[in-house]
Amino acid sequence: MLGALLGDFVKPHSALAFSAEVEREIVIHRKVDAFTDSHPLVLHAKTLFPGPSRRFAGILLDVFYDHLLAANWAQYAEVPMAPFIDQFYMTLQRNIDILPPRLAQAAPYMIRQDWLGSYVQYAGVEIAIRRMSTRLSKNGDLMCAGLDDLAANYEALASGFHAFFPQLIAFTNQTRAQSGG
């Protein structure tokens, strides 16, 4: 869990000291990102962002896919969502001392405001995107404008996600097996 999250915050084998298991998951996270970013269904989904917000299509899709996963959790996961989220938040709390500063600072808010659980509802996507847009030095409004593209193309994007996600699961399982995990 920790390595999968850290993949967005650190490079593999960074100066920070993580266990071999966490390092392996950071590497797997990067491979999952590369698989996702180059997948034909995801590339097609990005074409549904025709305006200036297209530069943020990857981020918008990432958050939207989190929503679709949360909203359809039982279809894709064997563990119920609430205990999974609880375990995730406990893992964050137990490892707060080794988290990169940006993540360590955000973790208490993430837990208190239940960011993961909020993705079940589409409103959670809107909140997350608006939160992210405030951290941009410029063009946050363009990222927020992408919310209109998400809403307008909700069904098409959801259909693409449901075709893509089983392939992502298979890729992740294969990658984890090849890396000894």
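Summary of the structure given here.

Rules used in this analysis
Residues numbered from 1 in each chain as written. Predicted model: local features only at pLDDT ≥ 70, side-chain atom pairs only at ≥ 80, totals over all residues. Heavy atoms only, no water. Helix = DSSP H or I, 4+ residues; strand = E, 2+ residues; numbered from the N terminus. Buried < 20%, exposed > 50% of the residue type's maximum accessible area, 1.4 Å probe, protein only. Phe/Tyr/Trp six-rings, centres within 6.5 Å; stacked < 30°, edge-to-face > 60°.

**Details of unusual backbone geometry**
Working step 1: Notably, D114 is not glycine yet its phi reads approximately 50 degrees, a positive angle.
Working step 2: Locating D114 in the fold gives a position in the loop between α7 (101-112) and α8 (115-118).
Working step 3: Despite not being glycine, N139 has its phi angle at roughly 70 degrees, a positive value.
Working step 4: Inspection of the secondary structure puts N139 in the loop between α9 (122-134) and α10 (140-152).
Working step 5: Since its relative accessible area comes to 24%, N139 is described here as partly exposed.

**Remarks on the packing of aromatic side chains**
Working step 1: For the structure on display, the rule yields 12 aromatic pairs.
Working step 2: Ring centres of F35 and F171 lie 4.3 Å apart, and the angle between their planes is 10 degrees; on these two criteria the pair is classed as stacked. Placement of F35 in helix α2 (residues 20-38) and of F171 in helix α11 (residues 154-178) is noted, with a sequence separation of 136 residues between them.
Working step 3: Given a relative accessible area of 21%, F171 falls into the partly exposed group.
Working step 4: For the pair F64 and Y154, a centre-to-centre distance of 5.1 Å together with 90 degrees between the ring planes defines the contact as edge-to-face. Taken together, the residues span a long stretch of sequence, with F64 in helix α4 (residues 57-71) and Y154 in helix α11 at a distance of 90 residues.

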